[in-house]
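# Observations on the model geometry
Chain residues, written in single-letter form:
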Amino acid sequence: AAKNIFDEADKILGWSVKEICFNGPDEKLTETRFCQPAIYTTSVAALEAFKEKFPSVKTAGTAGLSLGEYGALYGAGVISFAAGLSLLAKRAEFMDAACRESKGTMASVLGGEVEVIRAVCAECGIDVANYNCPGQVVISGEVSGVEKAIASLKEKGFRKVIPLKVAGAFHSRLMKSAGLKLKEVVDATEMKAPLCPVAQNVTGTVTGTVEAIKANLVEQVAGSVRWEECVKALKDGGADTFIEFGPGNVLTGLLKRIDGTVPGFNIGKAADIAAFQA
């Protein structure tokens, strides 16, 4: 099942995502235009391999952080794999261009009051990119603005403000040009009503209509990712177990800090499926 997804991705993209994922090089894999389709493909491949092994597991709802939202929409039956990949490839292309047009960066802020972080961002002309979990917020914007915000937050007693190694200022006003370009592509993409609840990043709530889903996808490029609220929305809707599909286990780690009462699992490689107990 996973191989079928990778093979389909290679045909759609016209370049081998499989080759880059399995053989690198790392420098190419971390470029935005390659990284985003690669993560989406790997996530869907993991999901399909899981569904093949555990067909009885019922999907109570889906959500994905940033580009992960496209995998979530696939999992909810909103978009086909091909449509999601083509859309994400364009998103990556537009965001890559926006990165080159500006000098942006991001930083992770650990601890402290969210209201204070928001106020500092406003003073420095930058934005809050991610509300990941209690005590973890990511800020984003022009390099000078982020540097000024880091200094200001440290003056206010924030002990951990960590600059991130990123290609640009994702989920900030510097990505607005990418969002505007993406709108035309999103509007032309065929989507269906979700088969299960989908919690979207920019609202942190479940979205029910195709029109709202499309609008949120466009706004998401330059908008804040409300991940903590997304997780809570799915739990409130009846989700009793969370499974993270794709490379890495960042979301599983965030889940523990958002709500330690619900079990979380990561499915990113064959061994994870072999170890999973339905």
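See above for the structure.
The structure displayed is predicted, hence computed values, not measured ones.

Here we take up the sheet that holds strand S2 (residues 127-133). Taken together, the 4 strands give an open sheet; going across it, the order is S2-S3-S1-S4, and neighbouring strands pair in antiparallel fashion. In this open sheet, the two strands that pair with only one neighbour each are S2 and strand S4 (160-164). Between one strand axis and the next, the sheet turns by 25° as a mean value, whatever way the strands run. Across 5 bridges, the pairing between strand S1 (residues 104-110) and S4 is antiparallel. Paired with Met106 across the strands is Leu164, a residue of S4. This element, helix H8 (residues 143-155), spans S1, strand S3 (136-142) and S4 of the sheet and lies at about 140° to S3. Contacting S2 and S3, helix H12 (residues 250-258) crosses the sheet at an angle of about 75° to S2.

It is worth spelling out the pairing of S2 at this point. The element S2 is extensively covered by neighbouring structure, given that 7 of its 7 residues are classed as buried. Two strands pair when backbone bridges link them, and S2 and S3 are joined in this way by 5 bridges, in the antiparallel orientation. Looking at the pairing, Asn130 lines up with Val138 of S3. Between the end of S2 and the start of S3, which pair antiparallel, lie 2 residues, with Gly135 showing a positive phi angle near 85°.

This part covers a nonpolar patch on the surface. On the surface, Ile162, Leu164 and Val166 cluster together into a nonpolar patch covering about 200 Å² of accessible area. Following the sequence through the fold, Val166 ends up in the loop between S4 and helix H9 (176-187). Residue classification places Val166 among the partly exposed residues on the basis of a relative accessible area of 33%.

About the cut-offs
Residues numbered from 1 in each chain as written. Predicted model: local features only at pLDDT ≥ 70, side-chain atom pairs only at ≥ 80, totals over all residues. Heavy atoms only, no water. Pairing = 2+ DSSP bridges. Helix = DSSP H or I, 4+ residues; strand = E, 2+ residues; numbered from the N terminus. Axes fitted to C-alpha atoms, helices over the stretch in contact; angles between N-to-C directions. Contact = heavy atoms within 4.5 Å. Buried < 20%, exposed > 50% of the residue type's maximum accessible area, 1.4 Å probe, protein only. Patch = residues over 30% accessible without salt bridge, like charges linked within 9 Å, V, L, I, M, F, W, Y side chains within 5 Å. Areas by Shrake-Rupley, 256 points an atom, 1.4 Å probe, with all protein chains shown as cover. Salt bridge = Lys/Arg side-chain N within 4 Å of Asp/Glu carboxyl O.

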